[in-house]
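# A closer look at the structure
The lines below spell out each chain.
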Amino acid sequence: LARSQNCYKPLLRSLKWKNNAMNRSRGSRAISQWTINSRDSVIADVRWQRSAMGVGRFVLHRFNGDEEFEVERATILAVHDEGGFRLWFEAETDGVCLKSLPDTETLRGHPRAEVAVGLKKVEPTRLVGKRFSVPAAYDEAIDDHVASIYYVEHEDLDENEIEVITRDGDVFQVRWTGTTTDVNYYDGSKPRTRVEIVAAFKFKDMAKWSAQSV
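Reading the values: rules and limits
- Residues numbered from 1 in each chain as written.
- Predicted model: local features only at pLDDT ≥ 70, side-chain atom pairs only at ≥ 80, totals over all residues.
- Heavy atoms only, no water.
- Helix = DSSP H or I, 4+ residues; strand = E, 2+ residues; numbered from the N terminus.
- Buried < 20%, exposed > 50% of the residue type's maximum accessible area, 1.4 Å probe, protein only.
- Contact = heavy atoms within 4.5 Å.
- Areas by Shrake-Rupley, 256 points an atom, 1.4 Å probe, with all protein chains shown as cover.
- Core = buried A, V, L, I, M, F, W, Y, C linked by side-chain atoms within 4.5 Å.
- Phe/Tyr/Trp six-rings, centres within 6.5 Å; stacked < 30°, edge-to-face > 60°.
- Pairing = 2+ DSSP bridges.
- Salt bridge = Lys/Arg side-chain N within 4 Å of Asp/Glu carboxyl O.

## Here's the deal with the overall build of the protein
Check the secondary structure of the protein and you find two helices and 12 strands. Along the protein, helices and strands appear, N-terminal first, in the series α-β-β-β-β-β-β-β-β-β-β-β-β-α. The burial tally for the protein puts 51% of its 214 residues in the buried class. Here the analysis covers contacts within the protein between residues at least 6 apart in sequence; of these, 70% occur between residues at least 24 apart. Element-wise, carbon and sulfur atoms account for 47% of the exposed surface of the protein, whose accessible area totals about 10300 Å².

## Quick word on the nonpolar core
One recurring pattern in soluble globular proteins: nonpolar side chains tend to sit buried together. Judged by nonpolar contacts, the single largest core of 42 residues is most densely connected at Leu87, Phe89, Trp176, Ile197, Phe201 and Phe203. Examining the composition of this core, we find that six residues originate from one element, strand β2 (residues 65-81), more than from any other.

## Let's talk about the packing of aromatic side chains
Under the criterion given, the structure shown has six aromatic pairs. Measuring from centroid to centroid gives 6.5 Å for Phe89 and Phe132, while their planes differ by 45 degrees, and the two rings are tilted. One end of the pair, Phe89, is in strand β3 (residues 84-99); the other, Phe132, is in strand β5 (residues 131-134), and 43 residues separate them in sequence. Under the relative-accessibility criterion, Phe89 is labelled buried at 0%. Each ring, one from Phe172 and one from Phe203, has its centre 6.1 Å from the other, and the planes form 55 degrees; the classification is tilted.

## Let's talk about unusual backbone geometry
The phi torsion at Arg108 lies on the positive side, around 50 degrees, for a residue other than glycine. Locating Arg108 in the fold gives a position in the loop between β3 and β4 (112-119). For Arg108, a relative accessible area of 68% translates into the label exposed. Positive phi is not limited to glycine here, since Asp143 has a value of about 55 degrees. The topology assignment puts Asp143 in the loop between β6 (138-139) and β7 (144-145).

## A few points about the pairing of β2
Taken across its 17 residues, β2 has 12 buried, putting it largely inside the fold. Hairpin connection of strand β1 (residues 56-62) to β2: two residues between the antiparallel strands. Looking at chain direction, β2 and β3 are connected through 12 bridges and run antiparallel. Counted as the bridge partner of Arg73 is Glu92 from β3. Turn length for the β2-β3 hairpin, with the two strands adjacent in sequence and antiparallel, is two residues, and the turn residue Gly83 shows positive phi of about 80 degrees. Pairing between β2 and strand β12 (residues 193-203): two bridges, direction parallel. Paired with Thr75 across the two strands is Lys202, which belongs to β12.

## Concerning the environment of Lys130
In this structure, Lys130 sits in the loop between β4 and β5. Those residues in contact with Lys130, other than ones at most four positions away along the chain, are Ile162, Glu163 and Val164.

## Description of the pattern of salt bridges
In the structure shown here, the tally under the stated rule is 14 salt bridges. Arg86 is paired through a salt bridge with Asp81; the nearest N and O atoms lie 2.5 Å apart. Each member of the pair, Arg86 as well as Asp81, is classed as buried. With its nearest N and O atoms 2.5 Å apart, the salt bridge here joins Arg175 to Glu196. With Arg175 in strand β11 (residues 171-180) and Glu196 in strand β12, the pair connects residues that are 21 residues apart, well separated along the chain. Since its relative accessible area comes to 22%, Arg175 is described here as partly exposed.

See the structure below:
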């Protein structure tokens, strides 16, 4: 069953998000994709290329090809949590599709994604070179969701791998990958979609958090 055929799965979920409480319903999906041949080419191609093409790329590697969107905003937000802290990585597109696929054109998706990384201490100036893994969208230890992707509705984002590549002041170049169910076929009949986001993420209130880490 395809979402573009108006076959919607009748499942409604309420996801609890720290400092971002909202009800998220399960429904239509789509993700943009950026074909990246190697890690070296990623770093070379996106290092501070924040001109007419926005702050980065949001790519969906689907079973039938790639969808690619421009990232309009990408942020890192540090928050206090029980027993430590969380870094929220959030990437939003403005709906401008740079590369589309025929089966999802009518969905007019506005992809965005978020993931929370648990930390014992927040040290912004030491983030470069760090790699973080968030295997599942739902964290049983805290009984809450910690990763999500949105195309036209929210879905789980699993197998998250976040790499902080470089820094320029309070802006960090980040490569983030994950997997989700296909953005159009929600019945499991198609392979999972690989999400790839490479963008310049601005660390909110970095000076405050840097001072606290001293």
